[in-house]
Number of protein chains: 2
Amino acid sequence: MPTQPTPTMHDVARVAGVSVSTVSRVVNNERYVHDETRAKVVDAIAQLGFQRNEAARALRPGQSSDTVGLVVADVANPFFSAIAQGAEEIVREHGHMLIVGNSGLDYQRERDLVQEMLRRRVDGLLVVPTAHDHAELHAELSRWAPIVYVDRAPRGVRADAVVLDNRAGAQRAVDYLIQAGHQRIGYIGGDPAVVTGHHRLAGYKQALRVAGLDFDQALVRFGNHTAEAAEETGVDLLTGPTQADAIFADNNRMTVGALHAIRRVDGGAGLAGFDDVELADLLPRPIALVTHDSIELGRRAARLLFDRIAGTTGPPRRVTHRTQMLIRGG
Amino acid sequence: MPTQPTPTMHDVARVAGVSVSTVSRVVNNERYVHDETRAKVVDAIAQLGFQRNEAARALRPGQSSDTVGLVVADVANPFFSAIAQGAEEIVREHGHMLIVGNSGLDYQRERDLVQEMLRRRVDGLLVVPTAHDHAELHAELSRWAPIVYVDRAPRGVRADAVVLDNRAGAQRAVDYLIQAGHQRIGYIGGDPAVVTGHHRLAGYKQALRVAGLDFDQALVRFGNHTAEAAEETGVDLLTGPTQADAIFADNNRMTVGALHAIRRVDGGAGLAGFDDVELADLLPRPIALVTHDSIELGRRAARLLFDRIAGTTGPPRRVTHRTQMLIRGG
């Protein structure tokens, strides 16, 4: 920051000996300015420490506020904080800043957040959408700024999205449990309406089908919103009438809960989970984890967004990010 | 968002049958508007879905952009993402939004970030400062917006800060190791210039002093910037000439590295660490952790900031947040 009050365009114009509108053209990188005139303005700006007033700039139609909005469910979840990390890196490379909001997976809060962001003239939005139908919201939002959805495509909408290969990843991990001899594999899921869970469940079913095992709806338990809830569900699956002998956990919170459940039950239950979990490699039991580079997921979504901000048109793009299975612990 | 182009103050004035300046007075909550007139304007606004242009509002002197900036080292670190979560909660309660940037503990990047945030007219800044002397930067910044430092007070500055009781927390954990029979306790630290490390080292030394153990500089290893580096340092401490029989790790990254080191060495080394680490409770060895509610740390810092934004004056305030020691695992 300058140690004097911020010079105005008038100050720059005076020092450069040009008109204010010429300063404006140089600052906004417009054409029809002689190189020599441009050089004078640039020198004056350097001399005065002139800082363009970003708020004033945001006011002009067609001009940018140089911010991008990111809506995640919960930035304290390591999956979402990794997305924020990757997004921020790319956003900064583009001279922008990142506004971050937590939807808590609540549609009304998501709606309020993106509208607040648009009021602040963000140039684009990165959104991990809630489970609610997005047809109406997307139609409204996309008139104001480009949007790229992250981790899941919203319901009812064809739009740019960067997602994981949920189905294939889950299938591979469940197949690992089957190959290890498990036959009754409990499924612990989060919000039943979130689409990633359904794709992961489809992968779970596919693995059973390929192995010739029956699908039992009683083994599938969605609606766990915390690791603690997943722990109780896990204990119930392993010790109740369903007699599960293994668990597939459909995200990192569910895996943490399932690990605690298995520890409490203290049997030989198998475990696989979607997302990596720190320190799983040091645990005394093997666990099959569907891992992915979630920082890179954030980077890819942000790159796609800046592509749109730069004016790239064309049909919605769906980028599917590969996962891999790792056996941790044991 | 409205499904028609955003109505202007002129549209509102037309529908309400009042002047544009009256609309402006109502929108800005100024006095001298009759209740009946105010009601007409409020009705027209509701009818039109008028949204105040936040960018225009930010332009007016004394008016707010309704954003707050948060600078952390690395939002993917669970400690910093918890701070972001807590800060966002309070920022939202105040009708503001949070701009988040990662300094990567680099002073130049920190400086660039806060200046970019101020250009966007943030109403205040929450900063986890880098280790560099902040006298000059703070003097510049504090002329433009209130600042609250989080986790550490910056060098060379008297300013509002919300910090942890680093010294007492570390002392308690190291004392636990001593009581467990360890005599040569290695210290694994991060950036040697970060002040929290020095306070934690002071707690480490104090625990030795109280127990009548000699301090050995060879056991103190700062400069580990990743969990992987801390792992190598841990292996060296435990197997090299220093013959450490336990480790104190001064933050969550160092603890993750130390856990891996102890696993590789496979001896009976003791371990204590600052910050909680997820899944530590499931590990087969006991670990003493200095835990704290880091979401609440973010909330407290944000509350203090809004106090200043609301105009509270007075000398710099230092809020020290309690830690507790928990024995996990085993």
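A few points on the structure. (Residues numbered from 1 in each chain as written. Chains lettered and ligands numbered in written order. Predicted model: local features only at pLDDT ≥ 70, side-chain atom pairs only at ≥ 80, totals over all residues. Heavy atoms only, no water.)

Examining the packing of aromatic side chains
When we look at a pair of aromatic rings, we describe it by the centre distance and by the angle of the planes.
Residues and elements named next belong to chain A.
Phase 1: Summed over the entire model, instances satisfying the criterion amount to 10 aromatic pairs over all chains.
Phase 2: Following the ring pairs from residue to residue traces out a cluster consisting of Tyr187, Tyr204, Phe215, Phe222 and Phe248.
Phase 3: Its guanidinium or amino end placed over the ring of Phe274, Arg200 lies 3.6 Å from that ring's centre, counting from NZ or CZ. (Phe/Tyr/Trp six-rings, centres within 6.5 Å; stacked < 30°, edge-to-face > 60°. Lys NZ or Arg CZ within 6 Å of the ring centre and 35° of its normal.)

Remarks on unusual backbone geometry
Phase 1: Of note in the backbone geometry, Gln243 of chain A takes a positive phi value of approximately 50 degrees without being a glycine.
Phase 2: Looking at the element boundaries, Gln243 of chain A is found in the loop between α10 (227-239) and β8 (246-249).
Phase 3: Classification of Gln243 of chain A as exposed rests on a relative accessible area of 58%.
Phase 4: Of note, Asp151 of chain B is a non-glycine position whose phi angle comes to about 80 degrees, a positive value.
Phase 5: Of note, Asp151 of chain B is situated in strand β4 (residues 147-151). (Helix = DSSP H or I, 4+ residues; strand = E, 2+ residues; numbered from the N terminus. Buried < 20%, exposed > 50% of the residue type's maximum accessible area, 1.4 Å probe, protein only.)

So, the packing of α10 of chain A against helix α11 (residues 252-265) of chain A
Residues and elements named next belong to chain A.
Phase 1: For the pair α10 and α11, the least separation of the axes is 7 Å and the interaxial angle reads 45 degrees. Looking at the two axes, α10 sits oblique to α11. You can see that α10 and α11 cross each other, and the crossing is right-handed. Counted together, Ala227, Ala230, Glu231, Glu232, Gly234, Val235, Leu238 and Thr239 of α10 and Arg253, Met254, Val256, Gly257, His260, Ala261, Ile262, Arg264 and Val265 of α11 form the full contact between these two elements. (Axes fitted to C-alpha atoms, helices over the stretch in contact; angles between N-to-C directions. Parallel < 35°, antiparallel > 145°, perpendicular 65-115°, else oblique. Left-handed = near helix turned anticlockwise from the far one by under 90°. Contact = heavy atoms within 4.5 Å.)

A look at the sheet that holds strand β6 (residues 185-188) of chain A
All names here are of chain A.
Phase 1: With mixed pairing, the six strands of this open sheet are ordered in space as β7-β6-β8-β9-β10-β12. Of all strands in the sheet, those with a lone pairing partner are β7 (220-221) and β12 (324-328), marking the two edges.
Phase 2: Both strand β10 (residues 287-291) and β12 contribute to a ladder of five bridges, which runs antiparallel. Bridge pairing in β12 links Leu289 to Leu326. (Pairing = 2+ DSSP bridges.)

Re the environment of Ser65 of chain A
Residue and element names in this part refer to chain A.
Phase 1: Inspection of the secondary structure puts Ser65 in the loop between α4 (54-59) and β1 (67-72).
Phase 2: When its relative accessible area of 5% is taken as the criterion, Ser65 is described as buried.
Phase 3: For Ser65 and Asp123, which are 58 residues apart along the polypeptide, the C-alpha to C-alpha distance reads 6.5 Å.

Examining helix α5 (residues 78-93) of chain A
All names here are of chain A.
Phase 1: An ideal rise of 1.5 Å per residue puts 22 Å on 16 residues; α5 measures up with 23 Å between its terminal C-alpha atoms.
Phase 2: Of all 16 residues in α5, 12 are buried; the element is thus mostly enclosed.
Phase 3: Taken together, the buried positions of α5 are Phe79, Phe80, Ser81, Ala82, Ile83, Ala84, Gln85, Gly86, Ala87, Glu88, Ile90 and Val91.
Phase 4: At the N-terminal boundary of α5, the capping side chain belongs to Asn77, with an oxygen 2.8 Å from the backbone nitrogen of Phe79. (Expected span 1.5 Å × (residues − 1). Polar contact = N/O pair within 3.5 Å; in protein donor to acceptor, adjacent residues only side chain to side chain.)

Quick look at helix α6 (residues 107-119) of chain B
Residues and elements named next belong to chain B.
Phase 1: Helix length check: α6 (13 residues) gives 18 Å between terminal C-alpha atoms against 18 Å at 1.5 Å per residue, within 8%.
Phase 2: Taken residue by residue, α6 has Tyr107, Glu110, Arg111, Leu113, Val114, Gln115, Met117, Leu118 and Arg119 as its buried positions.
Phase 3: The opening residue of α6, the one whose side-chain oxygen lies 3.3 Å from the backbone nitrogen of Gln108, is Asp106.
Phase 4: Immediately downstream of α6, the backbone of Arg121 shows phi near 60 degrees, a positive value.

Focus on the pattern of salt bridges
Phase 1: Across all of its chains, the model carries 34 salt bridges over all chains by this definition.
Phase 2: The shortest N-O distance in the salt bridge between Arg285 of chain A and Asp266 of chain A comes to 3.3 Å. Taken as a pair, Arg285 of chain A in the loop between β9 (270-274) and β10 and Asp266 of chain A in the loop between α11 and β9 lie far apart in primary sequence, 19 residues in all.
Phase 3: With a closest N to O distance of 3.5 Å, Glu296 of chain B and Arg303 of chain B form a salt bridge.
Phase 4: On the basis of relative accessibility, which here comes to 39%, the residue Arg303 of chain B falls in the partly exposed class. (Salt bridge = Lys/Arg side-chain N within 4 Å of Asp/Glu carboxyl O.)

Examining the pairing of strand β5 (residues 161-164) of chain A
Where a strand is regular, its side chains alternate between the two sheet faces.
Residues and elements named next belong to chain A.
Phase 1: Going residue by residue along β5, you find Ala161 and Val163 tucked away on one face and Val162 and Leu164 tucked away on the opposite face as well.
Phase 2: By the bridge criterion, three bridges tie strand β4 (residues 147-151) to β5 in an arrangement that is parallel. Paired with Tyr149 across the bridge in β5 is Ala161.

Details of the packing of helix α5 (residues 78-93) of chain B against helix α12 (residues 294-309) of chain B
Residues and elements named next belong to chain B.
Phase 1: Two numbers describe how α5 lies on α12: the axes approach to 7 Å, and their chain directions differ by 45 degrees. Taken together, α5 and α12 sit at an angle that is classed as oblique. In terms of crossing hand, the pair formed by α5 and α12 is right-handed. Here Phe79, Ala82, Ile83, Gln85, Gly86, Ala87, Glu89, Ile90 and Val91 of α5 come into contact with α12, specifically with Ser294, Ile295, Leu297, Gly298, Arg299, Ala302, Arg303 and Phe306.
Phase 2: The class makeup of the residues in the contact of α5 with α12 is 10 nonpolar, four polar and three charged. (Nonpolar A, V, L, I, M, F, W, Y, C, P; charged D, E, K, R; others polar.)

Re the side chain of Thr291 of chain B
Residue and element names in this part refer to chain B.
Phase 1: Within the element layout of this structure, Thr291 appears in strand β10 (residues 287-291).
Phase 2: By relative accessible area, Thr291 is classed as buried at 4%.
Phase 3: If sequence neighbours within four positions are ignored, Thr291 has contacts with Asp276, Thr323, Gln324, Leu326 and Arg328.

Describing the sheet that holds strand β7 (residues 220-221) of chain B
The strands that make up a sheet are held in pairs by hydrogen bonds between backbone atoms, and each pair lies either parallel or antiparallel.
Residue and element names in this part refer to chain B.
Phase 1: Strands sit in the order β7-β6-β8-β9-β10-β12 across an open sheet of six strands; the sheet is mixed. Of all the strands in the sheet, just β7 and β12 (324-328) have a single pairing partner and so form its edges.
Phase 2: With respect to the sheet, helix α10 (residues 227-239) is in contact with β6 (185-188), β7 and β8 (246-249), its orientation differing from that of β6 by roughly 160 degrees.
Phase 3: Along the sheet, helix α11 (residues 252-265) makes contact with β6, β8, β9 (270-274) and β10, crossing β9 at roughly 165 degrees.

Quick notes on the environment of Val42 of chain B
Phase 1: Here Val42 of chain B lies in helix α3 (residues 35-48).
Phase 2: Sequence separation of Val42 of chain B and Val26 of chain B is 16 residues, and the distance between their C-alpha atoms is 8.0 Å.

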